[in-house]
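# Descriptive structure summary
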Amino acid sequence: MQATFDLSGRRALVTGGASGIGLGAVRALARCGARVAVNDLVGTDKLDTAVAGLTAEGLEVIAAPGDVGDSSDGPRMVRQAIADLGGLDYLVNNAGTPGTARPIPPGDFERQDEAFWNLLLNVNLIGPWRCTREAAPALRKAGGAIVNTASISAHGGGGSSSVYCATKAGLVSLTREWARALAPGVRVNAIAPGVVNSDWMCRFDFDTAQVPLGRAGEPEDYGDVILYLAAGADYVTGQTLNVDGGWTT
Ligand SMILES: NC(=O)c1ccc[n+]([C@@H]2O[C@H](COP(=O)([O-])OP(=O)(O)OC[C@H]3O[C@@H](n4cnc5c(N)ncnc54)[C@H](O)[C@@H]3O)[C@@H](O)[C@H]2O)c1
């Protein structure tokens, strides 16, 4: 069952919104009537294709191309999106990268070199900070909310690399910090997804028997929870909600 809210007149920005969880969040917010800026990287036609498809579905979306992992392009993208939308009620910090096509075991220390650290820190951890810093004045003005996409690997490892787990653990920590920093006007929460049926570049060997609910999560499963944390959940802030079909139980 899909959660529903009346978000007419509300404005949202979803980073990494052209695919997977981000696209699920864009759909959930837009079908409730919000106008949504869809951020993703330039250089492929992924963003244009997603925006054209969503528009054809009758949803009110605009493209917000840019790289959240870049110290000037990320903030520029957020400023442009806020100007195009005329303000901002919801920021979904969802863009992330594993930086590897196959999981790197914790013992494989050397492969996780400085370049790898820099990429993952810049996209997964400093990226959300850049967007949050830039969006904070508009969110404060609107009395809005932020939802970050962390990962269950933040809690117990098992992600694509130790560095990836550390960036997501950092994001769980920042979710609490920003909740205090931006209260009482802006709530800040996160989801921690388990396995996702998406185009994520890192492929895992995954057995559905590991998950009590018996399947991988679909983008709409995650989008629905992001919608709830953004638009509902009025007395919830600083929390990270596991969305994993019961895997971590
Ligand atoms: N796939 C999983 O198993 C899994 C599990 C837990 C958490 N997550 C997290 O969920 C989030 C979404 O992943 P997904 O599974 O939907 O994957 P996805 O690859 O389908 O979507 C990620 C999107 O982010 C975009 N992106 C990457 N780097 C970017 C940047 N620097 N600036 C702007 N956009 C950028 C990509 O182009 C892509 O469209 C990520 O933060 C990821 O860490 C994924």
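Going by the structure above, here's the rest.
Our subject in this report is the structure included herewith.

Cut-offs applied
Residues numbered from 1 in each chain as written. Predicted model: local features only at pLDDT ≥ 70, side-chain atom pairs only at ≥ 80, totals over all residues. Core = buried A, V, L, I, M, F, W, Y, C linked by C-beta atoms within 7 Å. Buried ≥ 20, exposed ≤ 12 C-beta atoms within 10 Å, placed from the backbone. Helix = DSSP H or I, 4+ residues; strand = E, 2+ residues; numbered from the N terminus. Contact = placed C-beta atoms within 7 Å. Axes fitted to C-alpha atoms, helices over the stretch in contact; angles between N-to-C directions. Parallel < 35°, antiparallel > 145°, perpendicular 65-115°, else oblique. Left-handed = near helix turned anticlockwise from the far one by under 90°. Near = placed C-beta within 6 Å. Nonpolar A, V, L, I, M, F, W, Y, C, P; charged D, E, K, R; others polar. Pairing = 2+ DSSP bridges. Right-handed = clockwise from strand over helix to strand, strands pointing away. Expected span 1.5 Å × (residues − 1). Arc of directions from axis to C-beta.

### A few points about the nonpolar core
Residues Leu29, Val38 and Ile226 are the most contacted members of the largest nonpolar core, which totals 69 residues. Considering each element in turn, this core owes the most residues, eight residues, to helix α4 (residues 114-142). Every residue in contact with Val38, bar those within four places of it in the chain, is listed here: Val14, Gly17, Ala18, Val26, Leu47, Ala50, Val51, Val61, Ala63 and Ala64.

### Description of the packing of helix α1 (residues 20-31) against helix α7 (residues 219-231)
Contact geometry of α1 with α7 gives a least axis separation of 7 Å together with a crossing angle of 55 degrees. One finds that α1 runs oblique with respect to α7. Note on packing geometry: the crossing formed by α1 with α7 is right-handed. Counted together, Gly20, Ile21, Leu23, Gly24, Ala25, Arg27, Ala28 and Leu29 of α1 and Pro219, Glu220, Tyr222, Gly223, Asp224, Ile226 and Leu227 of α7 form the full contact between these two elements.

### Some words on the site of the ligand
The environment of the ligand is formed by 27 residues, the closest being Gly16, Ser19, Gly20, Gly96 and Trp200. When residues of the shell around the ligand are traced back to their parent elements, those giving at least two are α1 and β2 (35-40). The element best represented in the shell around the ligand is α1, accounting for three residues. Here the residues of the shell around the ligand are counted per class, giving 10 nonpolar, 13 polar and four charged.

### Overview of the packing of α4 against helix α6 (residues 162-182)
Interaxial distance between α4 and α6 falls to 9 Å at its minimum, and their mutual angle equals 15 degrees. Between α4 and α6, the interaxial angle falls into the category roughly parallel. Every pair of crossing elements has a handedness; the one defined by α4 and α6 is right-handed. For the pair formed by α4 and α6, the contact residues are Phe116, Trp117, Leu120, Leu121, Asn124, Leu125, Pro128, Trp129, Thr132 and Ala136 on the first element and Val163, Tyr164, Thr167, Lys168, Gly170, Leu171, Leu174, Trp178 and Leu182 on the second. Its residues placed into classes, the contact of α4 with α6 shows 14 nonpolar, four polar and one charged.

### Description of the pairing of strand β7 (residues 240-243)
Strand direction decides the pairing type here: strand β6 (residues 187-193) and β7, joined by four bridges, are parallel. Across the sheet, Ile191 pairs through a bridge with Leu241, a residue of β7. Regarding topology, α7 serves as the crossover connection from β6 to the parallel β7, and that connection is left-handed.

### Looking at α6
Taking 1.5 Å of rise per residue, the 21 residues of α6 would be expected to cover 30 Å, and the 30 Å separating its terminal C-alpha atoms lies within 8% of that figure. Among the residues making up α6, those that are buried are Val163, Tyr164, Cys165, Ala166, Thr167, Lys168, Leu171, Leu174, Thr175 and Trp178. Each element contacted by the buried residues of α6 is listed here: α4, β5 (145-149), α5 (153-156), β6 and β7.

### What about the sheet that holds strand β4 (residues 90-93)?
Taken in spatial order, the seven strands line up as β3-β2-β1-β4-β5-β6-β7 in an open sheet, and their pairing is parallel. In this open sheet, the two strands that pair with only one neighbour each are β3 (61-65) and β7. Across the sheet, the mean angle separating the axes of adjacent strands is 20 degrees when strand polarity is ignored. Here strand β1 (residues 11-14) runs beside β4; their pairing, made up of three bridges, is parallel. Across the sheet, Val14 pairs through a bridge with Val92, a residue of β4. Across the sheet, α6 is in contact with β5, β6 and β7; its angle to β6 comes to roughly 165 degrees. Strand contacts of α7: β4, β5, β6 and β7, with the helix running at about 165 degrees to β6, the strand carrying the most contacts.

### Describing helix α3 (residues 73-85)
The first and last C-alpha atoms of α3 sit 18 Å apart over 13 residues, in line with the 18 Å expected at 1.5 Å per residue. Inspection of α3 places Gly74, Met77, Val78, Ala81, Ile82 and Leu85 among the buried residues, and these make up the whole buried set. Mapping the buried residues of α3 onto a view down its axis gives an arc of 130 degrees, with all of them on the same face. Considering only its buried residues, α3 is in contact with β1, β2, β3 and α4.

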